[in-house]
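A structural walkthrough
The lines below spell out each chain.
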Amino acid sequence: MTTDADEPTLTIDELAARAGVTVRTVRFYSGRGLLPPPVIGPRRVGHYGPEHLARLALIEEMQLQGMTLAAIERHLRQLPPDLSPHDLAVHRAVVASWAPETVETLTRPELERRAGRALSDEDVERLAAMNVVAADGDSFRVDSGLLRLGVRLLDVPLSQETILAARTALIEHARAAARELSGLLREAVAERDTRDVKSLSAHMHPLVVQALLTTFQRSLREELREWVDGGGAEAAPGGTTSA
């Protein structure tokens, strides 16, 4: 079964596996109103889509930050009900921005369960090239915050070299922006008490990350629009368009 946007839908078992939680957890969150109801298909089987997966990822991220269930419920109630999976992913990135790095050691079956799919040796090699996983004897050290993104990139129709080059460009520009912003903030609070500086940093961190994400989204959208409008997607031999 697929949604109107041709996105494949998931059964509750598939959703739980993709999200790295139990079916019981999914039902518990649904019962508390943290997840929208599924689409009921033939035989009264519930079908879940990308928005459920993205919302589960956001809930799990907030729990990692130590938020109580009541606080998570209050937080989610303040969000617009029609947020897209992409918007939820951006929101999760902001929540995770002030979290410490989460590296776990997983066996191959545990890694595949977290990934929500079987992984070939080539898939694991590509994840390792993206610094998402690293071999550790018979197990793998896994950056949990990057795993879902890395798995999604496995299906992107771009070469590994292009993906790694894009990753390098993003890291270099992000570090340059962080260095410049850090310098501006240091100058602004140079005369303040240490406690005031720490408090300001705690408040500014998520706001700066949100601003960077929003600005990058808009800039990328404008660049792609100019590329397409300017004839960047010219017809390739055989009547197809170049990607």
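The model shown is predicted, which means the values in this text are computed figures rather than measured ones.

1. Quick notes on the overall build of the chain
When helices and strands are counted, the chain shows ten helices and five strands. Taken across its 243 residues, the chain has 27% of its residues classed as buried.

2. A few points about the side chain of His52
For His52, the location among the structural elements is in helix H3 (residues 50–64). Overall, His52 belongs to the buried group, its relative accessible area being 2%. Not counting residues up to four positions away in its chain, the partners in contact with His52 are Leu15, Leu35, Pro36, Pro37 and Pro38.

3. Brief notes about the sheet that holds strand S5 (residues 139–143)
Strand order in the open sheet made by the three strands is S3-S5-S4, with antiparallel pairing throughout. For this open sheet the edge positions go to strand S3 (103–106) and strand S4 (133–136), each flanked by a neighbour on one side alone. When strand polarity is set aside, the average angle formed by the axes of neighbouring strands in this sheet is 25 degrees. Where helix H6 (residues 108–115) meets the sheet, its contacts fall on S3, S4 and S5, and the angle it forms with S3 comes to roughly 125 degrees.

4. Notes on unusual backbone geometry
Positioned with a positive phi, Arg44 is a non-glycine residue whose angle comes to about 60 degrees. Among the residues examined, Arg44 registers a relative accessible area of 68% and is labelled exposed. Not every positive phi belongs to a glycine, and Asn131 is a case in point at roughly 60 degrees. Note on placement: Asn131 falls in the loop between helix H7 (121–129) and S4.

5. Regarding the pattern of salt bridges
Two side chains carrying opposite charge are able to pair once their charged atoms lie near each other. By the definition in use, this model includes five salt bridges. We note a salt bridge from Arg114 to Glu104, for which the minimum N-O separation is 2.8 Å. With Arg114 in helix H6 and Glu104 in strand S3, the pair connects residues that are ten residues apart, well separated along the chain. Linked by salt bridges that have partners in common, Arg108, Glu112 and Asp121 make up one network.

6. What to know about the packing of H3 against helix H4 (residues 69–77)
Each packed pair of helices is defined by two parameters, the angle between the axes and the distance between the axes. Where H3 contacts H4, the two axes come as close as 10 Å, and the packing angle between them is 135 degrees. On the basis of the axis angle, H3 is oblique to H4. Along this stretch, H3 crosses H4, giving a crossing that reads as right-handed. Contacts between H3 and H4 involve Arg55, Leu58, Ile59, Met62 and Gln63 from the former and Ile72, His75 and Leu76 from the latter.

7. Examining the packing of aromatic side chains
A full pass over the atoms with the stated rule returns one aromatic pair. For the pair Phe28 and Tyr29, a centre-to-centre distance of 6.1 Å together with 50 degrees between the ring planes defines the contact as tilted. Taking the relative accessible area as the measure of exposure, Phe28 reaches 41% and is therefore partly exposed. Look at Tyr29 and you get buried, because its relative accessible area is 3%.

The rules we used
Residues numbered from 1 in each chain as written. Predicted model: local features only at pLDDT ≥ 70, side-chain atom pairs only at ≥ 80, totals over all residues. Heavy atoms only, no water. Helix = DSSP H or I, 4+ residues; strand = E, 2+ residues; numbered from the N terminus. Buried < 20%, exposed > 50% of the residue type's maximum accessible area, 1.4 Å probe, protein only. Contact = heavy atoms within 4.5 Å. Pairing = 2+ DSSP bridges. Axes fitted to C-alpha atoms, helices over the stretch in contact; angles between N-to-C directions. Salt bridge = Lys/Arg side-chain N within 4 Å of Asp/Glu carboxyl O. Parallel < 35°, antiparallel > 145°, perpendicular 65-115°, else oblique. Left-handed = near helix turned anticlockwise from the far one by under 90°. Phe/Tyr/Trp six-rings, centres within 6.5 Å; stacked < 30°, edge-to-face > 60°.

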